[in-house]
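A closer look at the structure
The primary structure of each chain is shown beneath.
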Amino acid sequence: AVNEHLSRKGAQHFIDAAEQAQNHRGIEYALVGAEDDRSVNSAILMPGTFANGVWPHLVARAEALSFQVANAGLRDQDGMLMPVLLTASPSMNSRFGLDKSELSLIRQGNFEPVAQRHIDLARFSGLELIYGITGTSQASVLAAPFAVRAAGDLASDRFSAVIVEPPHAKVQKVLPRIRQGLNFGREGSKFKEQLNSEGVDVIDELFTTKHAAKDFEKGAIKERKENLAFIRGFARGKLARDLSTLALREVQTTVIAGSESYVAKSHAVLSAYERANYDFKMRHHPDGLAPSSLRLLEIAGTNHSFADRVGRFATVVAANLVD
């Protein structure tokens, strides 16, 4: 279904949409999907993954998510369909203007400054409610601080979070940058195999024509200060804390890991998930019950490239945003 939907629009549609991405105070973004029946005041948030801009393959991913959210039955209060607010990573075409104190917070694993910038962008875009956030890879660190800062103001009463392939599951003071690079490199070697397994024609065409992510290498080194802060931040292993925070807020949260991932190793994600459940039971629930709002999914046969398997990604994420 996703393949047919994206194919009807064609690869050039997503190339054009990426080239027309907007910029607000240094944040590159696009509102994607649900064009014929789009909500004017509500959306799903998809913050940018590390070293990625608002590029054609990410616009196609957002389009697929909007399409599957509609299929799953999620509409705004007026019955309109939900678009996706897609942003670029702070390390790519977005200059978030982070000052020294904010970069220091990020290095410690506190991503509230970036979460606040996404809240400001949503308001600028005229959005009154965000119904959910899907954070993939590095962007997964924004789910909890966004939920906290948006609570009672921008987040819908039925706000949900899906955290995909979180790289900050393993508890360690700082995971060495070389180790992180090797893990991402090992994943990259399987990238083409993962795309071929999915078989979404538009995604295959975008990567074949080199339009998908033509500046990825530049993005990895472009904003050096922001990059180093983010790398150190999500190497501090605070996924368990994030899940505890989301559980306390009663945010329906699903964390997803690929069974073959080197970046978000499933045993580390499971450990963080169990710590969050234990923390909730021991400290915050008088009956020692686990939070009903936390769920964990392991996707067999995939790795850190799961989000680029656009059909599966959009279907799984949309189902967990809606339910």
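Presented here is an overview of the structure given in this document.

Rules and cut-offs
Residues numbered from 1 in each chain as written. Predicted model: local features only at pLDDT ≥ 70, side-chain atom pairs only at ≥ 80, totals over all residues. Heavy atoms only, no water. Axes fitted to C-alpha atoms, helices over the stretch in contact; angles between N-to-C directions. Helix = DSSP H or I, 4+ residues; strand = E, 2+ residues; numbered from the N terminus. Parallel < 35°, antiparallel > 145°, perpendicular 65-115°, else oblique. Left-handed = near helix turned anticlockwise from the far one by under 90°. Contact = heavy atoms within 4.5 Å. Nonpolar A, V, L, I, M, F, W, Y, C, P; charged D, E, K, R; others polar. Salt bridge = Lys/Arg side-chain N within 4 Å of Asp/Glu carboxyl O. Buried < 20%, exposed > 50% of the residue type's maximum accessible area, 1.4 Å probe, protein only. Expected span 1.5 Å × (residues − 1). Core = buried A, V, L, I, M, F, W, Y, C linked by side-chain atoms within 4.5 Å. Phe/Tyr/Trp six-rings, centres within 6.5 Å; stacked < 30°, edge-to-face > 60°. Lys NZ or Arg CZ within 6 Å of the ring centre and 35° of its normal.

Side note on the packing of helix α12 (residues 239-248) against helix α13 (residues 266-284)
Two elements in contact, α12 and α13, have axes whose closest approach is 8 Å; the angle formed by their N-to-C orientations is 45°. With respect to each other, α12 and α13 are oriented oblique. The hand of the α12/α13 crossing is right-handed. From α12, L239, A240, L243, S244, A247 and L248 reach across to α13, where they touch V269, A272, Y273, R275, A276, D279, F280 and H284. Counted by class, the contact of α12 with α13 contains ten nonpolar, two polar and two charged residues.

Details of the pattern of salt bridges
Here the structure, examined in full by the defined rule, presents seven salt bridges. Here R61 makes a salt bridge to D308, at a shortest N to O gap of 2.8 Å. Highlighted residues: R61 in helix α3 (residues 56-71) and D308 in the loop between β8 (294-299) and α14 (310-322), separated in sequence by 247 residues. Here D308 falls in the buried class, since its relative accessible area comes to 14%.

Some details on α13
Compared with an ideal rise of 1.5 Å per residue, which puts 19 residues at 27 Å, α13 spans 26 Å between its outermost C-alpha atoms and is within 8% of the ideal. Considered for burial, the residues of α13 that qualify are A268, V269, A272, Y273, A276, N277, D279 and F280. If you follow the buried residues of α13, they end up packed against α12, β7 (252-258) and β8.

A closer look at the packing of α3 against α14
Two numbers describe how α3 lies on α14: the axes approach to 8 Å, and their chain directions differ by 45°. Between α3 and α14, the crossing angle belongs to the class labelled oblique. Crossing of α3 against α14: the hand is right-handed. The residues of α14 that touch α3, namely those facing A60, R61, A64, L65, Q68 and V69, are V310, F313, A314, T315, V317, A318, L321 and V322. The class makeup of the residues in the contact of α3 with α14 is eleven nonpolar, two polar and one charged.

Quick notes on α3
In this model α3 runs 22 Å from its N-terminal to its C-terminal C-alpha over 16 residues, within 8% of the 22 Å that 1.5 Å per residue would give. Among the 16 residues that make up α3, 14 are buried, leaving the element largely enclosed by the rest of the structure.

Remarks on unusual backbone geometry
Residues other than glycine predominantly adopt negative phi, and peptide bonds predominantly adopt the trans conformation. Here R25, not a glycine, exhibits a phi torsion of approximately 50°, which is positive. The residue R25 is located in the loop between β1 (22-24) and β2 (27-32) in this model. Residue class for R25 comes out exposed when judged on its relative accessible area of 73%. A positive phi angle is found at E250, which is not glycine, with a value near 60°. In this structure E250 comes out as exposed when scored by relative accessible area, which is 68%.

Section: the nonpolar core
Residues I130, F146, F159 and L239 are the most contacted members of the largest nonpolar core, which totals 50 residues. With six residues, the single largest contributor to this core is α13. Setting aside anything within four residues of it in sequence, one finds F159 in contact with I130, Y131, G132, I133, F146, A147, V251 and Q252. Counting 42 residues, the second-largest nonpolar core is a separate cluster that includes V59, L86, A88 and V200.

What to know about the packing of aromatic side chains
Enumeration according to the criterion identifies two aromatic pairs in this entry. Ring plane angle 65° and centroid distance 6.0 Å describe the contact between F306 and F313, whose orientation is recorded as edge-to-face. You can call F306 buried: its relative accessible area is 1%. A relative accessible area of 1% places F313 in the buried class. When the ring centre of F313 is taken as reference, the NZ or CZ atom of R61 above it lies at 5.6 Å.

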